[in-house]
Amino acid sequence: MLMAVLGAALAPCAAAPVVRAQAGTPAAFIGAFYRDYFADPAAARKRHVDSGAFYSSGLRALMAANRAACARTERQDSKCGWDVDGDEFLHTQESDPALTLASSGFAAKPAGVNAVDVRFRVFPDDPQYERALRYVLVRENGQWRVDDVIDEEKGAYSPRNGLRRHIADENRQANASALDVAETALWVNGFIQSEAVESFARFAAFPLAVCETKGVCLSYQRNDARLPALVRLLSLSYFDKGTVAPGVPARAKRAGKAPGEGSVIRSGPFDYTFQGGLWWLTRVDMRRPPVRQR
């Protein structure tokens, strides 16, 4: 009976009145969203999501924390963000360009008083591209809001496969990465080896102190014309064949604990300083000789 009502709600000729009649049910809430999303994703996102009328306040706060955590690791080349790798509502990176609500075989059914199970295919003719999700909702100010989205696993839905768990885990990993000097050193070493000057510069605190082998210390500015030559020299001197690459500092033993502001760690020719919640390369001292292999 409920499925028949929802099916009618998603039919173009009767959508408006039936959605109004069923506005108090989680199934109608999710069904109306997907009806709009399949028709025009950008407009649906603006109407439902950007307006704050889709996710719960708790889930929105978790998403905001994710954006803040990922901003701390934006110097890296790794992806960060719960929604950066594909379509979060279709749970895919690719889908049939001609996909519609009808062709996807979209179906939604209540799963208790505050949850809705949905199924659809992002490539209609291929069963392996079927998506099965459970939307868990809460009431806020008299309206239904999505509080979690759980992927099906072997026919079951567990919070461990939920959006909340995924975002929380990524937040912890991103924040720990920002506090770990070993992580920063690994990126710096890698960018020097590949001679990726712009990427290397993302980790440097300017003005960057650079001491040459003859003892002269210079100050390098952001976008300094000498940076490519510096990175090239570091690559040849410390990472070239026959040289033992500088090791990385030991990872923090107390994960998640911020080092003291202004703390300095030495790694080969590099000094890293903890400033403003991040480790920065603050000094390059080429008077520290590279270690040669026998």
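Cut-off values and rules
Residues numbered from 1 in each chain as written. Predicted model: local features only at pLDDT ≥ 70, side-chain atom pairs only at ≥ 80, totals over all residues. Heavy atoms only, no water. Pairing = 2+ DSSP bridges. Helix = DSSP H or I, 4+ residues; strand = E, 2+ residues; numbered from the N terminus. Axes fitted to C-alpha atoms, helices over the stretch in contact; angles between N-to-C directions. Contact = heavy atoms within 4.5 Å. Disulfide = S-S within 2.5 Å.

Undergrad: Is there a simple way to think about the sheet that holds strand E3 (residues 130-140) in this case?
TA: Sheets are built from strands paired through backbone hydrogen bonds, the pairs being either parallel or antiparallel. Sheet architecture is open: five strands sit in the order E1-E2-E3-E4-E5, paired in antiparallel fashion. Two strands bound the open sheet, and with one partner strand each, they are strand E1 (107-110) and strand E5 (156-162). This sheet shows a mean twist of 40 degrees between the axes of neighbouring strands, independent of strand direction. Sheet topology places E3 next to strand E4 (residues 143-153); eight bridges connect them, and they run antiparallel. Within E4, the residue paired with Val 136 across the bridge is Asp 148. Set on the sheet, helix H6 (residues 163-179) makes contact with E4 and E5; between it and E5 the angle comes to about 20 degrees.

Undergrad: Looking at this structure, I do not really get the state of the cysteines. What am I missing?
TA: What we call a disulfide is simply a covalent bond connecting the sulfur atoms of a pair of cysteines. Throughout the structure, instances matching the rule amount to two disulfides. Bridging Cys 70 to Cys 80, the disulfide has an S-S length of 2.0 Å. Its S-S torsion of approximately -75 degrees makes the covalent link between Cys 70 and Cys 80 left-handed. Within this pair, whereas Cys 70 is found in helix H5 (residues 57-71), its partner Cys 80 is found in the loop between H5 and E1, the two being separated by 10 residues in sequence. Across the disulfide from Cys 211 sits Cys 217; the S-S distance is 2.1 Å. One disulfide, between Cys 211 and Cys 217, carries an S-S torsion of 105 degrees and so falls in the right-handed class. In the protein chain, the bonded cysteines, taken in the order they occur along the sequence, pair up as 1-2, 3-4.

It is worth stressing that arrangement in space is one thing and function is another; only the former is reported here.
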